[in-house]
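Given next are the chains, with one letter for each unit.
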Amino acid sequence: MSGLLRLEHLQVRLPIDGEPRTVVHDVSLDVSPGEAVAIVGESGSGKSTTLRAVARLLPPGSEVRGEVLFSGESVTAMGGRALRQLRTGGIGMVFQDARANMNPVRRVGDFLVEALVTNLGQSREEASRRVASLLQEVGIADPERRLRQYPHELSGGLLQRVMIAAVVAMEPRLILADEPTSALDVTTQAEVLALLDGLRRSRGMALLLVTHDLELAAAVCDRTAVMYAGSLVEEQRSALVHEAPLHPYTAGLIESSPHSAHGARRLPVIPGRPLSGLEVGVGCPFADRCAHVRAACRVATPPLHAVGAGSVACLRAEELLASGLEGVANGC
Amino acid sequence: MAAEPLLEVESLRKVFPGHRGHPEVAAVDGVSFTVREGEAVALVGESGSGKTTTARIVVGLERQTAGEVSVCGRPREPAARVTTRERRRRGREAQIVFQDPYSSLDPCQKIGSAITEVARLHFGLDRAECAARLADLLDQVGLREQHASALPRTLSGGERQRVAIACALAAEPRLLILDEAVSALDVSIQAQILNLLADVRERTRITYLFVSHDLAVVRQVADRVLVMRAGRVVEEGPTQRVLDQPQDPYTQLLLDSVPRPGWKPTRAIA
Amino acid sequence: MSVIETPLPPHPLSPVIRRIRGVDLVTWFAVVVLGLLALIAIFGPMLAPQDPNATNLSAAFQGPSSEHLLGTDASGRDLLSRLLAGGRSALLAPLVVALAATALGTTVAVVAAWFGGFTDRALARCFDIVFGFPGLLLAILAVAVFGLGLLAPVLALTIVYVPYVGRIVRSGALREVSLPYIEAAKVQGFSGRYICLRHLLPNVRKLVIAQAVLCFSYAVVDVAAINFLGLGVQPPQADWGAMVASGEASLIRGNPEESLYAGLLIVLAVLSVSLLGDRLLRNADAVVL
């Protein structure tokens, strides 16, 4: 099986207060060419760290164990040149805050031209000719004027489009997107997502999208992976996540979302707060919040195993699935 | 509905002066609405719609350019200085909870002190009464007594937001404004806080004014919705009606933009 | 009843950058030196083995001996006793300057940040103007007007150092004032004065302390200079700055001890104080920013 991106038991330790501490415990995930996969999780779940590990954008002093393979090559073992090649041609990255990732004293046009010149080796003239059509492609009206403007003159939505234009221009095989729309208004979010989705499909690029929003993940990604406390707990086709969640945590997230409440005065809730990867002890990290917990759950961390068309890290998954995974989130 | 109007906003207008070549902006441009006692009303809109500015004017954090705001039947003059008496009365009329739980608590102040400070200011409680009131408020917002001696730094986002709500409730306000109070929280915590707000409302018949961009949250908590865009109210009505049969195209657009199962993002609808 | 969120460990994702954990060697050095200097300033005159002002011309320029541990000066006065006695004016005068300038600067800064708008602009401009005055010159001018002694220069230096504290504290306070916790306190019905004292000041305290310490180190130099010029402490009273000056003549004749020891103590004081201030400021920024 030749995936484009393959994570095998990825474990990441970040230097926190000078000591390396495990933030991501165990993530195994495949992304095929042209496929869109979402990593969904709450704060502290390690979803962004996982994404950064793929692009080797972790802070100095971090330790990565397990394997990150990009078209068969180990990203963790890459040296300077291979890494540069990976970042210019292999993967492109879209961040949450486009503004923070652009030089505020340089014009938007210069930013794009520079991206093309340095990453694609195009001449300056060639690049300048191309940027206007690039902006048009990402749905920016009046591109000539926009190119002459500075980042602070553009709205967040427009800047995110510019970022997407810069990434897409490099024709990467995989786009990594870290909450690309969570800072945007809903209407803008819909447009930016549609844009990203359209460009990706038309060019056959794969997408690894990190988000906290299960609904959004389902809308733009073929498959959804759910992370909790630094581990991947569920992974299956997005279309099925809402109908038949495999892990009690996913089921709880869906039930407690106001989207799915229909006029009930109270929402079902998952008790407690989401744990971060740092706080995980022995056993299932979700055990303390889970309504279906058994003594066995606290003994060892349940391994990710195949269930139906997906996989899940829950000891009681089969049993619960058979009985219908309901009442995970209780009414109190 | 024979309830008294608790909050009346009449032709409210707020113009921010432009600077460095930018023209002045009317953040709020002729907004009028009424919130009755016991109601839960939501101001919905995107950034720049003027919803937050409206809320800030109501609690006196901004001064309006024109228009009237009355709380509990008494107009709030946009005066630079108010008397101590008036300031405290306003505190007992309306309170606000902000979006960011990380910056809305004094980092140097213990939780218990933050809550009792408000209760003492308004009700002049002695030591024993203070302790009782603190225990009661912590219980109301689902915190334990040990939390009282903690600094905000040691609490999670959800816990901090509970503290912020407790501080606001300590003044026993008749109107509580929630300015995107759950939008910075994790999904599983958001549900807990929404339930907490529902409990408080049931127990105290407090009036809520929600300021939110999240239509799902609004559907969950509000009886009535005002949809705002560019400083104006474009649609108003009962939540059910507005969200199920929107009359205004902008409301429809907002609804269509919310990700949900089976939804596909579409381009260039605006 | 809503469910409680479980235990109370420091939240791992807390945005507040943690304090610097260990205290490094340099800081230890600074603290220890400062402690010793403080002891000299407080108890020095009592510890002096001999009368610091007792002259004995026949015992001039003696080297270290059991009687005079550090030797004697041109008038045969015991150097150790004079150094111990001279610390008080050299350190306490700058301390008064630093404390007074900090109190004044912080008050003005908080008032400016709280009221904002015109008040803020006007006070900030005042800071800029005062900031432009050369401290030493103003102190000398004050002596010219009010006569010799430390009182006039201390007052002058206090005024000059107000913006050193005020400008930094104002920028910190401005940042805090716009935060929701201050706004929440306003809506809760607290008076401006209460909010400033109870919420604003505690949150800029690290900046205040760091600036006060730096101010103190500048003031040590300035006060030493005033005394060196003979405008402050008057002979025969011992003072480090004055001792550097009175030792000058002997220095040329090959007896550098008086100037050297006094100068060394001043340098030690300034060095340790500014090292400490520098670290405090870095620490304060890490938390405030």
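Residues numbered from 1 in each chain as written. Chains lettered and ligands numbered in written order. Predicted model: local features only at pLDDT ≥ 70, side-chain atom pairs only at ≥ 80, totals over all residues. Heavy atoms only, no water.

Along the backbone of chain A there are 11 helices and 12 strands. For 332 residues, the compact-globule estimate of 2.2 N^0.38 gives 20 Å, and chain A sits close to it at 21 Å. Each principal axis of the C-alpha distribution contributes one length, and for chain A these read about 65 × 50 × 40 Å. Burial analysis of chain A (332 residues in total) assigns 56% to the buried set. Across chain A, the fraction of contacts at a sequence separation of at least 24, relative to all contacts at a separation of at least 6, is 65%. Approximately 13,100 Å² of chain A is accessible, and the part contributed by carbon and sulfur atoms is 51%. Computed over 33 positive and 37 negative side-chain charges, the separation of the two mean positions in chain A equals 4 Å. (Helix = DSSP H or I, 4+ residues; strand = E, 2+ residues; numbered from the N terminus. Rg over C-alpha atoms; globule rule 2.2 N^0.38 Å. Buried < 20%, exposed > 50% of the residue type's maximum accessible area, 1.4 Å probe, protein only. Contact = heavy atoms within 4.5 Å. Areas by Shrake-Rupley, 256 points an atom, 1.4 Å probe, with all protein chains shown as cover. Lys, Arg positive; Asp, Glu negative; His and termini not counted. Charge placed at Lys NZ, Arg CZ, Asp CG, Glu CD.)

With that settled, consider the environment of C:Ala210. Summarising the element assignment, C:Ala210 is placed in helix α7 (residues 192-228). Placed 87 residues apart in sequence, C:Ala210 and C:Leu123 show a C-alpha to C-alpha distance of 22 Å.

Moving on, we come to a nonpolar patch on the surface. A contiguous nonpolar surface patch, about 1,100 Å² in accessible area, is contributed by C:Leu25, C:Val26, C:Trp28, C:Val31, C:Val32, C:Leu36, C:Leu39, C:Ile42, C:Phe43, C:Met46 and C:Leu47. As for its position among the elements, C:Leu47 is in helix α1 (residues 25-47). (Patch = residues over 30% accessible without salt bridge, like charges linked within 9 Å, V, L, I, M, F, W, Y side chains within 5 Å. Salt bridge = Lys/Arg side-chain N within 4 Å of Asp/Glu carboxyl O.)

Attention now goes to the nonpolar core. Counting residues in hydrophobic clusters, the biggest one holds 122 residues, and the most contacted among them are B:Ile115, B:Tyr208 and C:Trp240. For this core, the leading source of residues is helix α2 (residues 79-115) of chain C, giving 14 residues. Setting aside residues no more than four positions away along its own chain, C:Trp240 makes contact with C:Leu37, C:Ile40, C:Leu83, C:Gly86, C:Gly87, C:Ala90, C:Leu91, C:Ala262, C:Leu265 and C:Ile266. Core analysis: the next-biggest nonpolar cluster, separate from the first, contains 100 residues, A:Val27, A:Leu207, A:Tyr249 and A:Leu253 among them. (Core = buried A, V, L, I, M, F, W, Y, C linked by side-chain atoms within 4.5 Å.)

We now examine the sheet that holds strand β2 (residues 25-36) of chain B. Residues and elements named next belong to chain B. Read across the sheet, four strands follow the order β2-β1-β4-β5 without closing on themselves; strand pairing throughout is antiparallel. Each edge of the open sheet carries a strand with a single partner, namely β2 and β5 (74-75). Looking at chain direction, strand β1 (residues 5-16) and strand β4 (residues 66-71) are connected through five bridges and run antiparallel. In the strand pairing of β4, Glu8 is matched with Ser70. Packing of helix α1 (residues 51-58) onto the sheet brings it into contact with β1, β2 and β4, and relative to β1 it is tilted by some 120°. (Pairing = 2+ DSSP bridges. Axes fitted to C-alpha atoms, helices over the stretch in contact; angles between N-to-C directions.)

All names here are of chain B. Turning to its location among the elements, Ser49 is positioned in the loop between β3 (40-44) and α1. Here the side chain of Ser49 touches Glu46 through a polar contact of 2.8 Å, landing on its backbone oxygen. With near-sequence residues (within four places) excluded, Ser49 lies in contact with Ala27, Met228, Arg229, Ala230, Gly231 and Arg232. (Polar contact = N/O pair within 3.5 Å; in protein donor to acceptor, adjacent residues only side chain to side chain.)

Residues and elements named next belong to chain A. In a regular helix each residue adds 1.5 Å, so 13 residues correspond to 18 Å; helix α3 (residues 108-120) covers 18 Å between its end C-alpha atoms and thus fits that length. The complete set of buried residues in α3 reads Val108, Gly109, Leu112, Val113, Ala115 and Leu116. Considered in projection along α3, the buried side chains sweep an arc of 155° and stay on one side of the axis. Taken together, the buried residues of α3 touch α4 (124-137), α5 (143-147) and α6 (156-169). With its phi angle positive at about 70°, Gly121 sits one or two positions after the end of α3. (Expected span 1.5 Å × (residues − 1). Arc of directions from axis to C-beta.)

Turning our eyes to something else, we now look at the confidence of the model for chain B. Looking at chain B, pLDDT values average 90 and 97% of them are 70 or higher. Both scores are available for the predicted complex, with the pTM at 0.86 and the ipTM at 0.90. (pLDDT = per-residue confidence, 0-100.)

At the interface, 32 residues of chain B touch 41 residues of chain A. One salt bridge connects B:Asp199 with A:Arg266, and the closest N-O pair in it is separated by 2.5 Å. At the boundary of chain B with chain A, the tally comes to 12 residue pairs in polar contact (both at pLDDT 80 or more). Listed by contribution, the elements that provide at least two residues to the side of chain B that touches chain A are α6 (187-204), α7 (215-221) and α9 (249-257) of chain B. Ranked by the residues each element gives to the side of chain B that touches chain A, the list is headed by α6(B), at 11 residues. Of the residues belonging to the side of chain B that touches chain A, the class tally is 16 nonpolar, nine polar and seven charged. (Nonpolar A, V, L, I, M, F, W, Y, C, P; charged D, E, K, R; others polar.)

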